[in-house]
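# Commentary on secondary and tertiary structure
The residues making up each chain are set out below.
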Amino acid sequence: MATPCSSIFLTTDIGEIRIFSRDEKKQDDMRHELQANYPDYYNKVKFYIGDVRNIQSLRDVMPGVNFIFHAAALKQVPSCEFFPMEAVRTNIEGTDNMLHAAIEAGVERVVCLSTDKAAYPINAMGISKAMMEHVITATRVSAHSAAAGHLLHPLRQRDVQPRQRDSAVCGADQGRQPHYHHHPNMTRFLMNLDEAVDLVMFAFEHANPGDLFIQKSDASTIGDLAKAVQQLFGDTGTRVIGTRHGEKLYETLMTKEERMRSEDMGNYYRVAADNRDLNYDKYFIKGQVHTQADEDYTSHNTRRLDVEGTIKKIMTTEYIQEALKEAGKA
């Protein structure tokens, strides 16, 4: 599916948009969708097959590139638990490859997408994404002195997951499948695709080197999310399957330590990079030292949506609207 981000850039004076991934099927789907919906602009989009694990394939696509939006990652928590080195190769080494290929090619700006699981990580996916953030920060420090103008900054985000919707639609179609979900008291941040794109663009426009951007996000319990989906698509019953490998009761978007150096920017927080070097004798702090805020920013202490609020939230998502039309419920 063509993303809102590609739609934004298609109608600007940007000369070319390059899509780089190893998934030829998604590329082909996107190519056909752009041809159908943007006949005057689709020729701007060029597709490249490659893998962030292969630095040469990244070097091949870099000439002439001004800006990079890096979202390549292994994202499924359970699969990363069983194959942690695969997460290392894609999420950490792949990001490092991308950054160095970008620096070699003189790319002006790179925005990298992270995840709430990178804050206080307890699973392999979160640990790999946390390391990705550290790779970005460390590369920014070395790149800034070697090539001024390289702005490397991560942002954390989460999307409303289509799996909840797919389960309900499947149950409604077959008339018997229950709706599966994890512990009903788990809380998760909710963000639709448009909000995710807005966050990316805000970071792109306002970031200083090494900044971390976090959107202020609503949350709901998994139980209320399940009720909301079933009210929209039909009640097929519910089965609680418990937590999967590596899952938390709630997610953290900003740690106590990050909150100490954060800036409130309205809908977002900016967490500035720690720009000190290893010569710690240059830095002296007088008075009481504060290293932590009173609390993290989590899906437990952000604004909590009830079932009605969750329904309104997920109804802002385009694929939910399309699925309701297909099911004859819109």
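Here, the structure is the one placed above.
Quick caveat, the model's predicted, so the values are computed rather than measured.

Rules behind the numbers
Residues numbered from 1 in each chain as written. Predicted model: local features only at pLDDT ≥ 70, side-chain atom pairs only at ≥ 80, totals over all residues. Heavy atoms only, no water. Helix = DSSP H or I, 4+ residues; strand = E, 2+ residues; numbered from the N terminus. Buried < 20%, exposed > 50% of the residue type's maximum accessible area, 1.4 Å probe, protein only. Contact = heavy atoms within 4.5 Å. Areas by Shrake-Rupley, 256 points an atom, 1.4 Å probe, with all protein chains shown as cover. Pairing = 2+ DSSP bridges. Right-handed = clockwise from strand over helix to strand, strands pointing away. Phe/Tyr/Trp six-rings, centres within 6.5 Å; stacked < 30°, edge-to-face > 60°. Salt bridge = Lys/Arg side-chain N within 4 Å of Asp/Glu carboxyl O. Patch = residues over 30% accessible without salt bridge, like charges linked within 9 Å, V, L, I, M, F, W, Y side chains within 5 Å. Lys, Arg positive; Asp, Glu negative; His and termini not counted. Charge placed at Lys NZ, Arg CZ, Asp CG, Glu CD. Core = buried A, V, L, I, M, F, W, Y, C linked by side-chain atoms within 4.5 Å.

## Brief notes about the overall build of the protein
Secondary structure summary: the protein contains 12 helices and 14 strands in total. Residues counted as buried form 45% of the 330 residues belonging to the protein. Within the protein, counting contacts between residues at least 6 apart in sequence, those at least 24 apart form 81% of the total. In the structure as shown, the protein presents an accessible area of about 17,100 Å², 51% of it carried by carbon and sulfur atoms.

## Thoughts on the pairing of strand β2 (residues 45–49)
Relative to β2, strand β1 (residues 17–21) runs parallel, the two being bridged by five bridges. Note on β2: the bridge partner recorded for serine 21 is isoleucine 49. Between the parallel pair β1 and β2, the chain is carried across by helix α2 (residues 24–37), and the sense of this crossover is right-handed.

## Observations concerning the pairing of strand β9 (residues 218–221)
In β9, alternate side chains face the same way, and those of Asp218 and Ser220 on one face and Ala219 and Thr221 on the other are all buried. Bridge count between strand β7 (residues 187–190) and β9: four bridges; the pairing is antiparallel. From the neighbouring strand, phenylalanine 189 faces β9, where its bridge partner is alanine 219.

## With respect to the packing of aromatic side chains
Evaluation of the coordinates by the stated rule reveals seven aromatic pairs. Note on phenylalanine 9 and phenylalanine 69: the rings are 5.7 Å apart at their centroids and 35 degrees apart in plane angle, and the pair reads as tilted. One end of the pair, phenylalanine 9, is in helix α1 (residues 4–10); the other, phenylalanine 69, is in strand β3 (residues 67–70), and 60 residues separate them in sequence. The buried category is assigned to phenylalanine 9, whose relative accessible area is 13%. Each residue in the set Phe9, Phe67, Phe69 and Phe204 is aromatic and connected to the rest through ring pairs, giving one cluster.

## Thoughts on the pattern of salt bridges
Per the stated rule, a full pass over the model turns up 18 salt bridges. In this structure, the salt-bridge partner of arginine 22 is aspartate 51, at a minimum N-O distance of 3.4 Å. Within this pair, whereas arginine 22 is found in the loop between β1 and α2, its partner aspartate 51 is found in the loop between β2 and α3 (55–61), the two being separated by 29 residues in sequence. One salt bridge connects glutamate 251 with lysine 117, and the closest N-O pair in it is separated by 2.8 Å. Here lysine 117 lies in the loop between β4 (109–114) and α6 (124–146) and glutamate 251 lies in the loop between β10 (238–240) and β11 (252–254), a separation of 134 residues in the sequence.

## Re a negative patch on the surface
On the surface, a cluster of negative charge is contributed by Asp194, Asp198, Glu318, Glu322 and Glu326. The greatest single-element share of the negative patch, amounting to three residues, is contributed by helix α12 (residues 318–326).

## A word on unusual backbone geometry
Despite not being glycine, tyrosine 120 shows a phi value in the positive range, around 50 degrees. By the secondary structure assignment, tyrosine 120 is in the loop between β4 and α6.

## Overview of the side chain of lysine 313
Within the element layout of this structure, lysine 313 appears in helix α11 (residues 307–314). When its relative accessible area of 11% is taken as the criterion, lysine 313 is described as buried. Ignoring sequence-local partners within four residues, the contact set of lysine 313 consists of Leu190, Met191, Glu195, Asp218 and Leu305.

## Observations regarding the nonpolar core
Counting residues in each nonpolar core, the largest one holds 22 residues, and the members touching the most others are Leu34, Val45, Leu155, Leu199 and Phe213. For this core, the secondary structure elements donating two or more residues are α1, α2, β2, β4 and α8 (193–206). Here this core gets eight residues from one element, more than from any other, and that element is α8. Counting residues in hydrophobic clusters, the runner-up holds 16 residues, among them Met62, Leu99, Ala102 and Val107.

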